[in-house]
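# Topology and contacts: notes
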Amino acid sequence: MLARSRPAFFGCFVLCFAGVLAAQVTPPARDIVAARVNGQAIPELMVYRSLLRMPPQRREEGRKEVLNFLIDNVIVDQYLVQVPIKVEPKEIDESLAKIKSEAAKDKQDFQEILKKLMISEDELRTELTSALRWDKFVLQLGTEKVLQQHFADNIDMFNGSRVRARHILIPIKDGKKDEALAKITAIKKSIDAEVGQTMTKLPATTDAITREKERAKAMEQVFIKTATNESTCPSKKDGGDLGFFARAGDMVEPFARAAFGLKQYQMSGPVPTEFGYHLILAVDSKPGTEVTFEKIKPNVQEVYAERLREAVLAAYKPKAKIEMVPKSRE
């Protein structure tokens, strides 16, 4: 459920994780391909490098998420090449020089860093090109006027507002979206029916305030029971409870948008995300505080960039030819 974004400066990745990669098992050969996007290969070695940032016990389950993230990066970069957003060799040289300078300040050998990261200088240049291309695109579209409007239109993303919600997740297996949607729809119908049965047992003279309190109580009880029995998210052990989260940065956008649009103890309809279909029950909220654009402009730009990335992927990922190469072919 966590939101994800592309690091803006790949050099930071190099310096931050060089030490993490010191101890490692034998890496895959450079010619092994994990996936292809419109014919462009994503090496298994790139996936391997990313997985080394995770605890060993999480790497197997994390591989799919890492690979999907890398696929998204390629789709975005392929789009920017077509726009086109140009990056001059001089800009790459300057960025590389900064990385080398930072390494020297930290008394680290640059070539040794590359060795530990299992990346060549040419490959690093390619990564830097993509990162700079993206930065230029964000700056080109995210003008001062655009950012101010984004801030005004989405104030709950920046003022610290938080929502607490429970959810039920039904994943999409083998690309069978209809089956997952049918199942989550049936679960919603079952919850509504059970809550409805509870409400019919109330005396006809029950006042509106009491009826709403009883409805909210019944809705949460039924939702908790159903989440525990039906959801595939690890939160099922807590009745689907995700705790409090912010409008931006904590959850993927479709989920956060739906959750923040609910009233307390209101259940959503099926909400599609990259993880599958969700039912969301809002159970609490915390209001934000007054904030000005000038004070949080960098945060506004970061959120705008993430929404921009999502828009590009929504438009171009469905059209992309994505080939996942089974590891058995290695």
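Further up the page is the structure itself.
The present account deals with the structure reproduced in this document. (Residues numbered from 1 in each chain as written. Predicted model: local features only at pLDDT ≥ 70, side-chain atom pairs only at ≥ 80, totals over all residues. Heavy atoms only, no water.)

What follows concerns the sheet that holds strand 1 (residues 33–37). With respect to topology, three strands assemble into an open sheet ordered 2-1-7, the strand pairing being antiparallel. With partners counted over all chains shown, the strands left at the sheet margins are strand 2 (40–43) and strand 7 (322–324), one partner each. On average, each strand axis in the sheet is inclined to that of its neighbour by 20°, with strand direction left out of account. Seen against the sheet, helix 2 (residues 44–51) touches strand 1 and strand 2 and runs at an angle of roughly 40° to strand 2. Contacts between helix 3 (residues 59–82) and the sheet are confined to strand 1, strand 2 and strand 7, with strand 1 contributing the most and set at about 35° to the helix. (Pairing = 2+ DSSP bridges. Helix = DSSP H or I, 4+ residues; strand = E, 2+ residues; numbered from the N terminus. Axes fitted to C-alpha atoms, helices over the stretch in contact; angles between N-to-C directions. Contact = heavy atoms within 4.5 Å.)

Turning our attention to the packing of helix 6 (residues 121–141) against helix 11 (residues 297–316). Here helix 6 crosses helix 11 at 105°, and the two axes come no closer than 10 Å. Classed by the angle they form, the pair helix 6 and helix 11 counts as roughly perpendicular. Residues Trp134, Phe137, Val138, Leu139 and Leu141 of helix 6 form the contact with helix 11, whose own contacting residues are Gln301, Tyr304, Ala305, Leu308, Arg309 and Val312. Here the contact of helix 6 with helix 11 is built from residues that sort into nine nonpolar, one polar and one charged. (Parallel < 35°, antiparallel > 145°, perpendicular 65-115°, else oblique. Nonpolar A, V, L, I, M, F, W, Y, C, P; charged D, E, K, R; others polar.)

Right, let's get into unusual backbone geometry. A cis geometry characterises the amide bond from Val83 onward to Pro84, with omega recorded as -5°. By secondary structure assignment, the location of Pro84 is in the loop between helix 3 and helix 4 (89–105). Positive phi outside glycine occurs at Met118, with the angle close to 60°. Looking at the secondary structure, you find Met118 in the loop between helix 5 (110–117) and helix 6.

This part is about the side chain of Thr273. As for its placement among the helices and strands, Thr273 is situated in strand 5 (residues 271–273). If we ignore the near neighbours within four places in the chain, the residues touching Thr273 are Val252, Pro254, Phe255 and His278.

The final tally for this structure, using the stated rule, is 22 salt bridges. Between Glu91 and Lys136 there is a salt bridge whose closest N-O contact spans 2.9 Å. In this pair, Glu91 sits in helix 4 while Lys136 sits in helix 6, placing the two residues 45 residues apart along the sequence. In this structure, Lys105 and Glu102 form a salt bridge, with 3.9 Å as the shortest nitrogen-oxygen distance. You can see Lys105 and its partner Glu102 sitting in helix 4, three residues apart, about one turn around the helix. (Salt bridge = Lys/Arg side-chain N within 4 Å of Asp/Glu carboxyl O.)

A few words on the packing of aromatic side chains. Summed over the entire model, instances satisfying the criterion amount to seven aromatic pairs. Plain terms: the ring middles of Tyr79 and Tyr316 are 4.7 Å apart, the flat faces sit at 40° to each other, and that makes the pair tilted. With Tyr79 in helix 3 and Tyr316 in helix 11, this pair connects stretches of sequence that are 237 residues apart. Considering the side-chain rings of Trp134 and Phe137, the 5.9 Å spacing of their centres and the 45° angle between planes classify their relative orientation as tilted. Highlighted residues: Trp134 and Phe137, both in helix 6, separated by three residues, approximately one helical turn. Considered together, Trp134 and Phe137 belong to a single accessibility category, that of buried residues. In textbook terms, an aromatic cluster arises when at least three aromatic residues are bridged by ring pairs, as seen for Tyr79, Trp134, Phe137 and Tyr316. For Lys286, the ring lying beneath its charged end belongs to Phe244, and the centroid distance is 4.3 Å. Over the ring of Tyr316 we find Lys319, and its NZ or CZ is 5.2 Å from the ring centre. (Phe/Tyr/Trp six-rings, centres within 6.5 Å; stacked < 30°, edge-to-face > 60°. Buried < 20%, exposed > 50% of the residue type's maximum accessible area, 1.4 Å probe, protein only. Lys NZ or Arg CZ within 6 Å of the ring centre and 35° of its normal.)

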